[in-house]
Amino acid sequence: MLLDTEHIFKKIDELGLTGSSKWEYFNRHANGLEVEADGRVVAILSAFANVGYKIIFVTARSVEIWKHTRAKIDLIIGQYSDFIFPYELAMRGVTDYRSSEEVKQDILNDISSDYDIICAIDDDAKNCEMFVKNKILTMQVHK
């Protein structure tokens, strides 16, 4: 987890939002000022990038908010890293409301043919289980 959006999902649950309403609310708030970053994750990614590894953010965020998510990640990298490392951003489709682990599994399937994936970092236990099942070294981030 690079960006902590847990509070947004709690609010979505409180409001009882589902389906497209849930994701519309999430998309409006996912890159706001209140979304905090984990500098420890940036430090790990920066170290990998510094020795030549390609960084790919695999997120269940919608491609609808690609531009804003990219800007938020760039800002966070600039705050926590000594250099701006290049990365790719893989996201869910616009009307894809499947679970995070299903979305990330499909993204993983797509990128696995082009890359030897050495590790995954995530905060969601179900996503971590999915990565482990795919024989990927996995770090679960806790606040």
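Scroll up to find the structure this text is about.
What counts and how
Residues numbered from 1 in each chain as written. Predicted model: local features only at pLDDT ≥ 70, side-chain atom pairs only at ≥ 80, totals over all residues. Heavy atoms only, no water. Patch = residues over 30% accessible without salt bridge, like charges linked within 9 Å, V, L, I, M, F, W, Y side chains within 5 Å. Areas by Shrake-Rupley, 256 points an atom, 1.4 Å probe, with all protein chains shown as cover. Salt bridge = Lys/Arg side-chain N within 4 Å of Asp/Glu carboxyl O. Helix = DSSP H or I, 4+ residues; strand = E, 2+ residues; numbered from the N terminus. Phe/Tyr/Trp six-rings, centres within 6.5 Å; stacked < 30°, edge-to-face > 60°. Buried < 20%, exposed > 50% of the residue type's maximum accessible area, 1.4 Å probe, protein only. Lys NZ or Arg CZ within 6 Å of the ring centre and 35° of its normal. Contact = heavy atoms within 4.5 Å. Expected span 1.5 Å × (residues − 1). Arc of directions from axis to C-beta.

A. A look at a nonpolar patch on the surface. A cluster of nonpolar side chains, namely Val51, Tyr53 and Ile118, defines an oily patch on the protein surface of about 290 Å² accessible area. Position of Tyr53 among the secondary structure elements: in the loop between helix H3 (39-50) and strand E3 (55-62).

B. Local environment of the packing of aromatic side chains. In the structure shown here, the tally under the stated rule is six aromatic pairs. Ring geometry for Phe9 versus Trp23: centroids 6.0 Å apart, planes at 75°, classification edge-to-face. Here Phe9, found in helix H1 (residues 6-15), pairs with Trp23, found in helix H2 (residues 19-29); they are 14 residues apart in sequence, far enough to count as distant. Looking at Phe9, the relative accessible area reads 27%, which means it is partly exposed. Ring geometry for Phe83 versus Phe85: centroids 6.1 Å apart, planes at 65°, classification edge-to-face. Geometry around Tyr87 places Arg70 over its ring, the cationic atom sitting 3.9 Å from the centre.

C. How the structure looks around the environment of Ala71. By the element assignment, Ala71 lies in helix H4 (residues 66-80). On the basis of relative accessible area, Ala71 is assigned to the partly exposed category, the value being 44%.

D. Summary view of the environment of Met130. The topology assignment puts Met130 in helix H6 (residues 125-133). Every residue in contact with Met130, bar those within four places of it in the chain, is listed here: Glu101, Lys104, Gln105 and Leu108.

E. Quick look at helix H5 (residues 100-112). The end-to-end C-alpha distance of H5 is 18 Å, a good match for the 18 Å that 13 residues give at a rise of 1.5 Å each. Among all positions in H5, only Ser100, Val103, Lys104, Ile107, Leu108 and Ile111 are buried. Considered in projection along H5, the buried side chains sweep an arc of 135° and stay on one side of the axis. Along its buried surface, H5 packs onto E3, strand E4 (87-92), strand E5 (119-122) and H6.

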